Amino acid sequence: SAVLCGVNAVYEMPYPFSCASAEVFARAGVTVAKEIGADYLCFGSESDDLDKLYKVASAIDSAEFEGEISEILKDKSISYSTAREEALKRLGIDAPKSSNDILGVEYLRAIRQIAPCIAPYPIKRVGEGYKSESVGEFMSASAIRKSFYEGTGLLSMPSEALKALEGENHLDLERSNDFLFRSILMMNPLQIEQSYDVPNGCGYFVSDLAKSSSGACEFFNSLSSKSYTSARLRRIVMYACTGVKNIEKMPTYTQLLAVDSVGRAHLKSIKKSTQITVITKHSDSKKLSQSDLEIYTLGKKTDELYYTLLKHPTSANEAYKKTTVIM
C-alpha cells in the first residue's frame, strides 16, 4: 500500500518495540532510521513548532526535571504522565498534550542521543484530531479504522492504498480482544507483574478488573485508573499475554516489508556500512545473535497469533511464509 503511494521501502519496527511507550518507540525508530541511512525523520505534529518541542526535550533531559519528577512521583496515586506535566510546569514550560507532539519530543530526544546526523522534520497535522471519529476530508486514523471495520466506506485515503486493502484478510478485533481478556483471566497477578513495565500492585488491579468484567468489551472499556493511563494498561495487557519480560536493548534487526527499485538500490548501497541485520525472509534470522534471536522469536510468536485472529483465520505457519513484497 505504501509503496503504491510512492514510498521506496518499508522497514518494520520489530515487536515489542512497536507496542512500547513513546520514549522506547521513538528510540527504536531512530535507531532503525540511523542504520538504514536516513537523513531526515519526518513526524506528524499538532503544533509544527520545532523550537518549542526542542525546548521541552531539553528540559526533560535536565537534572532539574529529574529532581522535580522524582519528588512528585513520591505520591503513588499520580501517573507518570501527570507527574511529567507537573514537573515541566514547575520549570516554567508548557507540556505538549497532543499525541503527535508528545511523540515528537521523544523523537528529538532520541535523535540528540543516538543520531545527531538525522534532521527532524515536523509535518503539520490538519483535519480531525487524534481519536476523533468524525467523518470529513481529513479523518483521523481512528475514524478510518472504524469506517473500515464497519464497512461504511473509507475516506481520507489515497485510491492506491484503498485498492490495496480491498479483499485483504484483516484482524478480527472482537476475537483479538476476547483472546487478550481470557488470557489475563488465566494469569495470577504475580504473573502479570513479571511482564515489562508493570508497577508493583498493577498486576492485581488488572487481574481484579478482568474478574469483575462480564467480557472483553467491558474489560477494555474500564481499563483506566488515576495512577495509570489507559494506553499504559493496554500495553501491560499486551506484554503479559505475549510474554514480554523486558525491552532493555534497541533493535539490531529490521524486516524489509516492501520495496521498489529505488529502495533496492539504496539497500544495496548501505549493506556494507549498516550495523543492523535486514531480514527479507525467515531464514535470514540465522544471522542474528542469540539475544537478538530471542526478540525475533517473540515477534514471530506474536505473528503466529495474529494469523489465527484474522476475520478468516489461517494457519500460524503463514507467519513464516511471508517475504518482502517487491514492486
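The preceding data block contains the structure.
What comes next concerns the included structure. Values in this document were obtained by computation on a predicted structure and should not be read as measured data.

### As for helix 5 (residues 99-114)
An α-helix turns once per 3.6 residues; consequently, residues spaced three or four apart project the same way.
No. 1: For helix 5, which comprises 16 residues, the first-to-last C-alpha distance of 22 Å matches the rise-based estimate of 22 Å (1.5 Å per residue) to within 8%.
No. 2: Taken together, the buried positions of helix 5 are occupied by Asp-101, Gly-104, Val-105, Glu-106, Tyr-107, Leu-108, Arg-109, Ala-110, Ile-111 and Ile-114.
No. 3: Contacts made by the buried residues of helix 5 are with helix 1 (22-35), strand 2 (40-45), helix 2 (50-60), helix 4 (80-90) and strand 3 (119-124).

### A look at the packing of helix 8 (residues 173-185) against helix 10 (residues 202-212)
No. 1: Packing of helix 8 against helix 10 brings their axes to within 9 Å, and their N-to-C directions diverge by 110°. Relative to helix 10, the element helix 8 is oriented roughly perpendicular. When you trace helix 8 past helix 10, the crossing you get is left-handed. Of the residues in helix 10, those touching helix 8 at Phe-181, Ile-184 and Leu-185 are Val-206, Ala-210 and Lys-211.

### Observations regarding the pairing of strand 4 (residues 253-259)
No. 1: Counting buried positions over the seven residues of strand 4 gives six, a clear majority of the element.
No. 2: Taken together, the three bridges between strand 4 and strand 5 (residues 277-279) define a ladder with parallel strand orientation. Its bridge partner lying in strand 5, Gln-255 is registered against Ile-279.
No. 3: As a crossover connection, the stretch from strand 4 through helix 13 (residues 261-270) into strand 5 is right-handed.

### Considering the pattern of salt bridges
No. 1: In the structure shown here, the tally under the stated rule is 18 salt bridges.
No. 2: Across the salt bridge formed by Lys-281 and Asp-284, the nearest N and O atoms sit 3.5 Å from each other.
No. 3: Where salt bridges share partners, they join Glu-23, Asp-61, Arg-84, Glu-106 and Arg-109 into one cluster.

### Remarks on the packing of helix 10 against helix 12 (residues 230-242)
No. 1: Put simply, helix 10 and helix 12 touch, their axes get as near as 11 Å, and they point 85° apart. It follows that helix 10 is roughly perpendicular to helix 12 by the angle criterion. Residues Cys-202, Phe-205 and Val-206 of helix 10 form the contact with helix 12, whose participating residues are Leu-233, Ile-236 and Val-237.
No. 2: Here the contact of helix 10 with helix 12 is built from residues that sort into six nonpolar, no polar and no charged.

### Details of the side chain of Ser-213
No. 1: Looking at where Ser-213 falls in the secondary structure, it is placed in the loop between helix 10 and helix 11 (216-221).
No. 2: With relative accessibility at 10%, the residue Ser-213 sits in the buried group.
No. 3: A polar side-chain atom of Ser-213 sits 2.7 Å from the main-chain carbonyl oxygen of Leu-209.

Definitions and cut-offs
Residues numbered from 1 in each chain as written. Predicted model: local features only at pLDDT ≥ 70, side-chain atom pairs only at ≥ 80, totals over all residues. Heavy atoms only, no water. Helix = DSSP H or I, 4+ residues; strand = E, 2+ residues; numbered from the N terminus. Expected span 1.5 Å × (residues − 1). Buried < 20%, exposed > 50% of the residue type's maximum accessible area, 1.4 Å probe, protein only. Contact = heavy atoms within 4.5 Å. Axes fitted to C-alpha atoms, helices over the stretch in contact; angles between N-to-C directions. Parallel < 35°, antiparallel > 145°, perpendicular 65-115°, else oblique. Left-handed = near helix turned anticlockwise from the far one by under 90°. Pairing = 2+ DSSP bridges. Right-handed = clockwise from strand over helix to strand, strands pointing away. Salt bridge = Lys/Arg side-chain N within 4 Å of Asp/Glu carboxyl O. Nonpolar A, V, L, I, M, F, W, Y, C, P; charged D, E, K, R; others polar. Polar contact = N/O pair within 3.5 Å; in protein donor to acceptor, adjacent residues only side chain to side chain.

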